[in-house]
Amino acid sequence: METKDMMMTSMLTMDKEENEGERDKAREEVGGEQEGTQQENGRLMLADGLTEKAPKSLTSGSGQQVSNGFTTSTPQSPREGPGTADSSRDTASGPGGCTGSSVPPGGLRTLVVQQTSLERPRETWSKKMDFLLSVIGYAVDLGNVWRFPYICYQNGGGAFLLPYLLMAVFGGVPLFYMELALGQFHRSGCISIWKHICPIFKGIGFAICIIALYIAFYYNTIMAWALYYLISSFQPTLPWSTCTNSWNTGTCNRYMSTDHNVSWSNSSTSPAEEFYTRQVLQVHLSPGLHQLGSVSWQLALCLLFIFTIVYFSIWKGVKTSGKVVWVTATFPYLVLLVLLVRGATLPGAWRGVVFYLKPDWQKLLSTTVWIDAAAQIFFSLGPGFGVLLAFASYNPFHNNCYKDALVTSSVNCLTSFLSGFVIFTVLGYMAEMRKQDVDAVAKDAGPSLLFIIYAEAIANMPAATFFSIIFFLMIIMLGLDSTFAGLEGVITAMLDEFPHILVKRREWFVFGLVCVCYLGALSTLTYGGAFVVKLFEEYATGPAVITVVLLEVIAVSWFYGTNRFCNDIEVMLGFYPGRFWRVCWVAICPCFLLFIIISFLAFPPEVRLFNYHYPPWTTVLGYCIGVSSFICVPTYMVYHLLNAKGTFKQRLLKSITPEPSSDQHRDLIVTNAV
């Protein structure tokens, strides 16, 4: 919980001759108090330069109540009146201190009471780079590696970059900037922040936390798959490079240009595909979502190891996770550069690059291209998951979050572009070796692109074991960053909402949260777990989080007010946001999000995985999971209105009126009390 320092000055005049004895007595009583501690409750400053500690409740038999609710230890003289109080108004110098230059010869004194909070100060980042690397690590995730390259070549290659950049400039980056500014100014998580913006929308915070849990249920399972591959890589011959293993079938063919005696047919499967489907996932043992089968103990142990790393990285807060990201956020870039250099030197790499970037301008006339561009930039930057609010809340108040938003979002987009070269140089190599077109090789998207196509390409490279180890280690680290961030968003939200219960028990709360995530992920570790992962990915998170962010933008821009929000930014950064940002927040961003939502409803995705087509009842199940998180928003609105007091109009007005935020960043307010 943020420190709430309220400094209020009360100037009381007193006759020196009548009250000298009482003042000396008060001085003796407080003289023994310990000085210089963070637990000081008040400070007594006399106009003649004397400074003394005083207890929080300075009272006497006839103590007077001053403007901040505390009582003075010196009774007011009967001869003092409004005129006397006014005459001493100029004796205080304001925030800089207290001087007695204007004290009249009668010996009038000024009593200054400063109240400071006893609450624990809010945790902050150790270094600025801890914050930047954490945000970059969160934004740059597995989707940058497998989703962007696939969507790019599917939607016109180089031509896709135009709608992608337009959606980033007018939609993604303004939302990214808005969340960083909100979190940094109000210094609160995604639940408690709403009392300072628009209290009736507090359900958005609870919905975000539930969505984050759903993501944790399936996202970490993908890292468990990568860990299985990593462990299997410590062999002289990679197990997915041959067809002589116990899990292989008769249709397995290792078809490369060097294998002249092998013929490839439509029914043939590669050793990499069989290793992924029959050994890692064991999906052949499950007929579908209606019969998932038992839990794979190998994947259960891999996921347990992943969550153990997660727990010990975030259990102490951003002080520890901020150090871990120095490895997990930077190592993937080193691996990407190594793989890019290796891929560029492979035969046929140029074919993949041409296929990746060759523009097809006719594609821009298709609505699907613009929908994919909007969805990709939104899920890549990741506003609306509570993470940016949480991370920014640990920043210094005057940190330049505007610059941070531009830097981190640019790094994220460039990383996606770089990943395309890393993937497609290898796909070009595979096409060259198989004597096929690149589009025939790059027919799979999502995890299959990494765990089948890229894994098979690595297996056929020189030094295959080395490249396999660093590649799957990179996949794990890309996922860990996003998991750290997603769970930190939930932890910050709950600690800020229930500080008296959870702040001193953070380690136990994080342990309980990680256990819940592990238990929730057990369904994804079954033989049919891959079907569950696909269902969560398509329905449980996407539509719900976009709808939540739409409501968030409306609440901030239309209810809280763009002018008020811009004034907050000016207080923090020293400059008022330009017209471009204001127009984006008020009009363009809501239209951007509404466009994605309508397109999703108008063109629902056809969900299939391998040879399994999802039946209609699974679509209903997916929408129910998505609605289960979003339902928090209208539920809390009804709850808030029912519990408010007054007429319906008074309740409604109070529910959209923000509570005053902390005064800790504002100048000292000087008031007078009689």
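Just so it is clear, the model here is predicted, and its values are computed rather than measured. (Residues numbered from 1 in each chain as written. Predicted model: local features only at pLDDT ≥ 70, side-chain atom pairs only at ≥ 80, totals over all residues. Heavy atoms only, no water.)

> Is there a simple way to explain the overall build of the protein chain in this structure?
Scanning the protein chain for helices and strands turns up 25 helices and seven strands. Burial statistics for the protein chain: of 674 residues in total, 56% are counted as buried. By sequence separation, contacts in the protein chain at least 24 residues apart represent 81% of the contacts at least 6 residues apart. Counting every atom, the protein chain has about 28600 Å² of accessible surface; 62% of that belongs to carbon and sulfur. (Helix = DSSP H or I, 4+ residues; strand = E, 2+ residues; numbered from the N terminus. Buried < 20%, exposed > 50% of the residue type's maximum accessible area, 1.4 Å probe, protein only. Contact = heavy atoms within 4.5 Å. Areas by Shrake-Rupley, 256 points an atom, 1.4 Å probe, with all protein chains shown as cover.)

> What is the right way to look at the confidence of the model for the protein chain in this model?
The predicted model of the protein chain has a mean per-residue pLDDT of 79, with 78% of residues at 70 or higher. Counting contacts from residues 1–105, a segment whose pLDDT is below 50, to residues more than four positions away or on other chains yields 192 contacts. Counting interchain partners and residues more than four positions distant, the pLDDT-below-50 stretch residues 113–118 has 24 contacts. (pLDDT = per-residue confidence, 0-100.)

> Got a minute to help me understand the packing of helix α21 (residues 542–573) against helix α23 (residues 616–630) in this structure?
The packing of two helices is summarised by the inter-axis angle and the distance between the axes. Where α21 meets α23, the axes come as close as 9 Å, and the angle between the chain directions of the two elements is 30 degrees. Judged by the inter-axis angle, α21 sits roughly parallel to α23. Every pair of crossing elements has a handedness; the one defined by α21 and α23 is right-handed. Residues Ala544, Thr547, Val548 and Leu551 of α21 form the contact with α23, whose participating residues are Gly626, Ser629 and Phe630. (Axes fitted to C-alpha atoms, helices over the stretch in contact; angles between N-to-C directions. Parallel < 35°, antiparallel > 145°, perpendicular 65-115°, else oblique. Left-handed = near helix turned anticlockwise from the far one by under 90°.)

> For this particular structure, what's the right way to read the packing of helix α6 (residues 203–232) against helix α17 (residues 464–497)?
Close contact between α6 and α17 brings their axes to 9 Å; oriented N to C, the two are set at 160 degrees. Between α6 and α17, the crossing angle belongs to the class labelled roughly antiparallel. Read as a crossing pair, α6 and α17 show a hand that is left-handed. For the contact of α6 with α17, the per-class residue count stands at 19 nonpolar, five polar and no charged. (Nonpolar A, V, L, I, M, F, W, Y, C, P; charged D, E, K, R; others polar.)

> What is the right way to look at the pattern of salt bridges in this model?
Pairs can form between side chains of opposite charge whenever their charged atoms are close. Counting across every chain of the model gives eight salt bridges. Note that Arg122 and Asp496 form a salt bridge whose closest N and O atoms lie 3.0 Å from each other. Pair noted here: Arg122 is in the loop between β4 (111–115) and α3 (128–139) and Asp496 is in helix α17, with a separation of 374 residues, a long-range link. Residues Arg122 and Asp496 agree in their burial class; the two are buried. Note that Glu497 and Lys202 form a salt bridge whose closest N and O atoms lie 2.6 Å from each other. Taken together, the positions of Glu497 in helix α17 and Lys202 in the loop between α5 (161–186) and α6 put the pair 295 residues apart, joining distant regions of the chain. Residue class for Lys202 comes out buried when judged on its relative accessible area of 16%. (Salt bridge = Lys/Arg side-chain N within 4 Å of Asp/Glu carboxyl O.)

> Help me understand the state of the cysteines in this model?
Formally, a disulfide is one covalent bond, and it connects the sulfur atom of one cysteine to the sulfur atom of another. Under the definition given, this model contains one disulfide. Linked covalently through their sulfurs, Cys243 and Cys252 form a disulfide whose S-S length is 2.0 Å. As the torsion about the S-S bond is roughly -70 degrees, the Cys243-Cys252 disulfide counts as left-handed. Note on Cys515: no disulfide assigned, nearest cysteine sulfur contributed by Cys517 at a separation of 9.3 Å. Judged by its relative accessible area of 31%, Cys515 falls in the partly exposed class. (Disulfide = S-S within 2.5 Å.)

> Before we go on, may I ask you to explain the UniProt feature "binding site: Na(+)" (unreviewed entry) in the protein chain in this structure?
According to UniProt, the positions carrying the feature "binding site: Na(+)" (unreviewed entry) are Gly137, Ala139, Val140, Asn144, Ser380, Asn412, Leu478, Asp481 and Ser482. For this annotated set, covering 346 residues, all C-alpha atoms fall within 13.4 Å of each other, a compact arrangement in space. Among residues more than four places away in sequence, those in contact with Asn144 are Ala139, Pro149, Ser380, Asn412, Ser416 and Ser419. Of the polar contacts made by the side chain of Asn144, one reaches the backbone nitrogen of Asp141; its length is 3.0 Å. You can see Leu478 is positioned in helix α17. Residue classification places Leu478 among the buried positions, given a relative accessible area of 4%. Other than its neighbours up to four places away in sequence, Leu478 contacts Gly137, Val140, Asp141, Leu142, Val145, Tyr219 and Pro332. (UniProt positions renumbered as here; feature names shortened; annotations may be inferred. Polar contact = N/O pair within 3.5 Å; in protein donor to acceptor, adjacent residues only side chain to side chain.)

> How should the environment of Pro543 be read in this particular structure?
Mapped onto the fold, Pro543 is located in helix α21. Note: C-alpha distance between Pro543 and Leu601 (58 residues apart in sequence) is 8.9 Å. Here Pro543 is in contact with Glu538 and Phe600, once residues within four sequence places are set aside.

> Any chance you could explain the environment of Ala344 here in plain terms?
Mapped onto the elements of the fold, Ala344 is located in helix α10 (residues 331–344). For Ala344, the contacting residues outside a window of four places in its chain are Ala349 and Thr425.

> So what exactly am I meant to see when it comes to helix α11 (residues 349–357) here?
Every α-helix winds through 3.6 residues per turn, so residues three or four apart in the chain are directed the same way. Every buried residue of α11 is listed here: Ala349, Gly352 and Tyr356. The buried residues of α11 occupy an angular sector of 65 degrees when the element is viewed end-on, so they sit on one face. Buried residues belonging to α11 abut α4 (142–154), α10, α14 (401–434) and α15 (438–441). (Arc of directions from axis to C-beta.)

> Explain helix α8 (residues 297–314) to me, please; I cannot follow it from the model alone.
Between its terminal C-alpha atoms α8 stretches 26 Å, which fits the 26 Å expected from 18 residues at 1.5 Å a residue. Looking only at α8, the buried set comprises Leu299, Ala300, Cys302, Leu303, Ile306, Phe307, Val310, Tyr311, Ser313 and Ile314. Close packing links the buried residues of α8 with α6, α7 (271–280), α9 (318–328), α17 and α19 (506–520). (Expected span 1.5 Å × (residues − 1).)

> How do you make sense of the packing of aromatic side chains when you look at a structure like this?
For any two aromatic rings, the description comes down to two numbers: the centre-to-centre distance and the angle of the planes. The final tally for this structure, using the stated rule, is 56 aromatic pairs. Here the aromatic rings of Tyr311 and Phe511 are separated by 5.8 Å at their centres, their planes lie at 80 degrees, and the arrangement is edge-to-face. Pair noted here: Tyr311 is in helix α8 and Phe511 is in helix α19, with a separation of 200 residues, a long-range link. The class of Phe511 is partly exposed, set by a relative accessible area of 42%. A network of ring pairs unites the aromatic residues Trp225, Tyr228, Tyr229, Trp240, Trp247, Phe275, Tyr276, Phe451, Tyr454, Phe471, Phe472 and Phe610 as a single cluster. When the ring centre of Trp315 is taken as reference, the NZ or CZ atom of Lys316 above it lies at 4.8 Å. (Phe/Tyr/Trp six-rings, centres within 6.5 Å; stacked < 30°, edge-to-face > 60°. Lys NZ or Arg CZ within 6 Å of the ring centre and 35° of its normal.)

> What am I meant to see in a nonpolar patch on the surface here?
A cluster of nonpolar residues, Leu162, Leu166, Val169, Phe170, Trp361 and Phe580, forms a patch on the protein surface that exposes about 540 Å² of accessible area. The leading source of residues in the nonpolar patch is α5, at four residues. On the accessibility criterion, Trp361 (53% relative accessible area) is exposed. (Patch = residues over 30% accessible without salt bridge, like charges linked within 9 Å, V, L, I, M, F, W, Y side chains within 5 Å.)

> So what exactly am I meant to see when it comes to the environment of Phe509 here?
Assignment of secondary structure puts Phe509 in helix α19. The spatial distance from the C-alpha of Phe509 to the C-alpha of Ile491 is 8.1 Å, given a sequence separation of 18 residues.

> Would you take a moment to explain unusual backbone geometry for this structure?
Phi at Arg187 takes a positive value of approximately 50 degrees, unusual for a residue other than glycine. Along the polypeptide, Arg187 turns up in the loop between α5 and α6. The residue Phe610 is not glycine, and still its phi comes out positive at about 55 degrees. Relative to the helices and strands, Phe610 is located in the loop between β5 (608–609) and β6 (612–613).

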